[in-house]
Amino acid sequence: MVGLEGLVGKDMTDKFREYMQNERDANPTQGFSFAVDSDKDKRTALHKYLKTGFVGLISETKDGSVYVMPANKTKDPRTRQANDRRDWPADRLKFLSFVLYKENRETMDALSLLAKFLGSRVSSFAFAGTKDKRGVTTQRVTTYKQTAERLLALNPKLFGLKVGDCVYTENALVIGNLTGNRFVITIRDVK
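Note that this is a predicted model, so its numbers are computed, not measured.

## So, the nonpolar core
The biggest cluster of nonpolar side chains holds 17 residues, and the ones touching the most others in it are Phe-98, Leu-100, Leu-111, Leu-114, Phe-125, Val-141 and Leu-151. Of all the secondary-structure elements, those providing two or more residues to this core are β4 (95-103), α5 (107-118), β5 (125-127), α6 (148-152) and β7 (161-169). At 5 residues, the largest contribution of residues to this core is made by α5. Those residues in contact with Leu-111, other than ones at most four positions away along the chain, are Leu-100, Val-122, Phe-125, Phe-127 and Val-141. Counting 14 residues, the second largest nonpolar core, distinct from the first, contains Val-8, Met-20, Val-36 and Val-68.

## Observations concerning a nonpolar patch on the surface
A cluster of nonpolar side chains, namely Phe-183, Ile-185, Ile-187 and Val-190, defines an oily patch on the protein surface of about 520 Å² accessible area. Relative to the elements of secondary structure, Ile-185 occurs in the segment after β7.

## A short note on the sheet that holds β7
Across the sheet, which stays open at both edges, the 4 strands sit in the order β5-β6-β4-β7 with antiparallel pairing between neighbours. Here the strands that pair on one side only, and so sit at the sheet edges, are β5 and β7. Each neighbouring strand pair of the sheet contributes to a mean axis angle of 30 degrees, computed without reference to strand direction. Bridge analysis of β4 against strand β6 (residues 136-144) gives 9 bridges, and the strand direction is antiparallel. Across the sheet, residue Glu-103 finds its bridge partner in β6, namely Val-136. Of the strands in this sheet, β4, β5, β6 and β7 touch α5, which is tilted by about 155 degrees from β5.

## A word on helix α3 (residues 40-53)
For α3, with 14 residues, the first-to-last C-alpha span of 20 Å sits near the 20 Å given by 1.5 Å per residue. If you check which residues of α3 are buried, you get Arg-43, Leu-46, His-47 and Leu-50. The arc that holds every buried residue of α3, seen down its axis, measures 100 degrees, which confines them to one face. The exposed set on the far side of α3, more than 90 degrees from its buried face, consists of Asp-41, Lys-48 and Thr-52.

## Let's talk about the packing of aromatic side chains
In total, this model carries 5 aromatic pairs according to the counting rule given. Taken together, a centroid distance of 6.4 Å and an interplanar angle of 80 degrees make the contact between Phe-98 and Phe-125 edge-to-face. Taken together, the positions of Phe-98 in strand β4 and Phe-125 in strand β5 put the pair 27 residues apart, joining distant regions of the chain. Neither Phe-98 nor Phe-125 differs from the other in exposure class; each is buried.

Thresholds, definitions, all that
- As a convention, each chain's residues are numbered from 1 in the sequence order in which they are written.
- Residue-level local features of this predicted model are given only where pLDDT is at least 70; pairs of side-chain atoms are given and counted only at 80 or more, and the full residue set underlies all totals for whole chains, interfaces and linings.
- Only hydrogens and water are set aside when side-chain values are computed; all heavy atoms of the structure are taken into account.
- As used in this record, nonpolar core signifies buried Ala, Val, Leu, Ile, Met, Phe, Trp, Tyr and Cys residues forming a set joined through side-chain atoms within 4.5 Å.
- Summary of the burial criterion: residues with accessible area below 20% of their type's maximum are buried, those above 50% are exposed, and those between are partly exposed, where the area comes from a 1.4 Å probe applied to protein chains only.
- Counting from the N terminus, the helices are DSSP H or I runs at least four residues long and the strands are E runs at least two residues long.
- The criterion used for residue contact is that any of the two residues' heavy atoms lie within 4.5 Å.
- Like-charged residues are merged into a patch within 9 Å and nonpolar side chains (Val, Leu, Ile, Met, Phe, Trp, Tyr) within 5 Å, provided each residue has over 30% relative accessible area and no salt bridge.
- Residue exposure ignores everything except the shown protein chains as possible cover, and the areas themselves are Shrake-Rupley values with a 1.4 Å probe.
- Each reported salt bridge corresponds to a side-chain nitrogen of Lys or Arg within 4 Å of a carboxyl oxygen of Asp or Glu.
- Note on pairing: DSSP must find at least two bridges between two strands before they are called paired.
- To obtain an axis, a line is fitted to C-alpha atoms, over the contacting stretch when the element is a helix, and the angle between two such axes runs from 0 to 180 degrees between their N-to-C directions.
- Take the residue count of a helix, subtract one, and multiply by 1.5 Å to get its expected span.
- Working definition: the arc comes from the directions between the helix axis and the C-beta atoms, pointing outward to the latter.
- Ring geometry is summarised as follows: Phe, Tyr and Trp rings, the Trp one being its six-membered ring, pair when their centres sit within 6.5 Å, and such pairs are stacked at plane angles under 30 degrees, edge-to-face over 60 and tilted between the two.

Coordinates in, geometry out; function isn't part of it.
See the structure below:
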C-alpha cells in the first residue's frame, strides 16, 4: 500500500487497511471515506488506484471526499444490473424483444441512451438493421436479460423515444433478420 500512502498519507492508509481487514465484512453496508483535499488530480489518481488495486470496490466522489463501498452493496445501476442477471429465472427466455419508436434519432444514439439508463452496455442490444435518422421510425430490438418492467419504466424519462410491445424470446436479432421495410413518406410545404 505504499502507493496509497503517497496519495492519502500513513494515517488514512492505516484506517483503510483496518476497514478492509475487519469492518468491510463485518458491516458490508458501511463504506469508507477518504478525506482528501480539493485537488482533483489527487482524487482522480486515488480513484484509479482503487479501481486497479481492489476488486469488488466502487469509489465515487462525495462532497470533496472519495467514498469507497463494496460493489455488491452499492446502488450503482451497473452493479445492480449484474446482480439482476445472476438472479435471472431459469424458466424465462434470456432475450427481451421490444419495439423501439424514435423521432429524428439514429438507432445507435437511441440504444446508447437506453443502455445508459439501464446501466448496461450498448453491445447488449441487437437489431436487424438501422433506420433513417430523419423521420419517425419503429423497429424491433432485442436485449440480453432485461425485464420488460424495467425497460417500460424508462418511457417517462425518454424524449423522442418510446419502447413497448415487449416479448421474451429465445434468440437475439442479427443484422439481416428483415422480412422487409414499409415506408410512409409525408411531403410538407411543397412549392
